[in-house]
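What follows is each chain in one-letter form.
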Amino acid sequence: MIKRACPIANWIKLEAQDYNEIQKRVNTDSQEKQKTDPSFSGICPSTITWFYNTKLPQLMEQQSIQNMVNAKIEELDQKATNIKRQQLAQNNIWDKDINIAEMEAERLKEVVLNGKKNLQPQ
């Protein structure tokens, strides 16, 4: 059986019935929103809220959906860990660059101060 990517969380592959229900909700909510905001396009925030608060918990009764959600959680946790690692490495580089710049600035300030002392008449 062919599964389709969820219109809201495209990493979830859905059976036709679930896909159709969610897509219908996306379309209906979007059309309603366009009545008050003709320039609106995309998925309404209220539809996203409905999906995560109502529909996804219902879908979680299916083992295949649970597996996809758990895999996504693992992927996101790994992504966050990698970003934190990269951030820490970059922060260390920046700290080193800051220290070098501050030391050079202090050295130059000292030269300027000593130069002013030497220029003063005695």
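Now for a look at the structure at hand.

Turning our attention to the environment of Gly-42. Residue position: Gly-42 is located in the loop between helix H1 (16-36) and helix H2 (45-59). Of the residues examined, Gly-42 reaches a relative accessible area of 45% and is grouped as partly exposed. It is 8.6 Å that separates the C-alpha atoms of Gly-42 and Val-26, two residues lying 16 residues apart in sequence.

The next point concerns the side chain of Asp-29. Checked against the element boundaries, Asp-29 lands in helix H1. For Asp-29, a relative accessible area of 16% translates into the label buried. Within polar-contact distance, the side chain of Asp-29 engages the side chain of Thr-47 at 2.6 Å. Excluding anything up to four places from it in sequence, Asp-29 contacts Cys-44, Ser-46 and Thr-47.

Remark: H1 packs on H2, axes separated minimally by 11 Å, with the N-to-C direction vectors making an angle of 160°. Judged by the angle between their axes, H1 and H2 are roughly antiparallel. Pair H1 / H2 crosses with right-handed handedness. For the pair H1 and H2, the contacting residues are Asp-18, Glu-21, Ile-22, Arg-25, Val-26 and Asp-29 in the first and Ser-46, Thr-47, Trp-50, Phe-51, Lys-55 and Leu-59 in the second. Its residues assigned to classes, the contact of H1 with H2 shows 5 nonpolar, 2 polar and 5 charged.

What follows is about the pattern of salt bridges. Evaluation of the coordinates by the stated rule reveals 7 salt bridges. Of the charged contacts in the structure, one is a salt bridge between Asp-18 and Lys-55, with a shortest N-O distance of 3.5 Å. You can see Asp-18 sitting in helix H1 and its partner Lys-55 sitting in helix H2, a full 37 residues away along the chain. Neither Asp-18 nor Lys-55 differs from the other in exposure class; each is buried. One salt bridge connects Lys-109 with Glu-106, and the closest N-O pair in it is separated by 3.4 Å. Taken together, the residues span about one helical turn, with Lys-109 and Glu-106 both in helix H3 (residues 63-119) at a distance of 3 residues. By relative accessible area, which is 47% here, Glu-106 ends up partly exposed. Here the residues in one salt-bridge network are Asp-18, Glu-21 and Lys-55, joined through shared partners.

Looking at where Ala-71 falls in the secondary structure, it is placed in helix H3. Separated by 22 residues in the primary sequence, Ala-71 and Thr-49 place their C-alpha atoms 21 Å from one another.

Definitions and cut-offs
- Residues numbered from 1 in each chain as written.
- Predicted model: local features only at pLDDT ≥ 70, side-chain atom pairs only at ≥ 80, totals over all residues.
- Heavy atoms only, no water.
- Helix = DSSP H or I, 4+ residues; strand = E, 2+ residues; numbered from the N terminus.
- Buried < 20%, exposed > 50% of the residue type's maximum accessible area, 1.4 Å probe, protein only.
- Polar contact = N/O pair within 3.5 Å; in protein donor to acceptor, adjacent residues only side chain to side chain.
- Contact = heavy atoms within 4.5 Å.
- Axes fitted to C-alpha atoms, helices over the stretch in contact; angles between N-to-C directions.
- Parallel < 35°, antiparallel > 145°, perpendicular 65-115°, else oblique.
- Left-handed = near helix turned anticlockwise from the far one by under 90°.
- Nonpolar A, V, L, I, M, F, W, Y, C, P; charged D, E, K, R; others polar.
- Salt bridge = Lys/Arg side-chain N within 4 Å of Asp/Glu carboxyl O.

The values reported here are purely geometric and, on their own, carry no functional implication.
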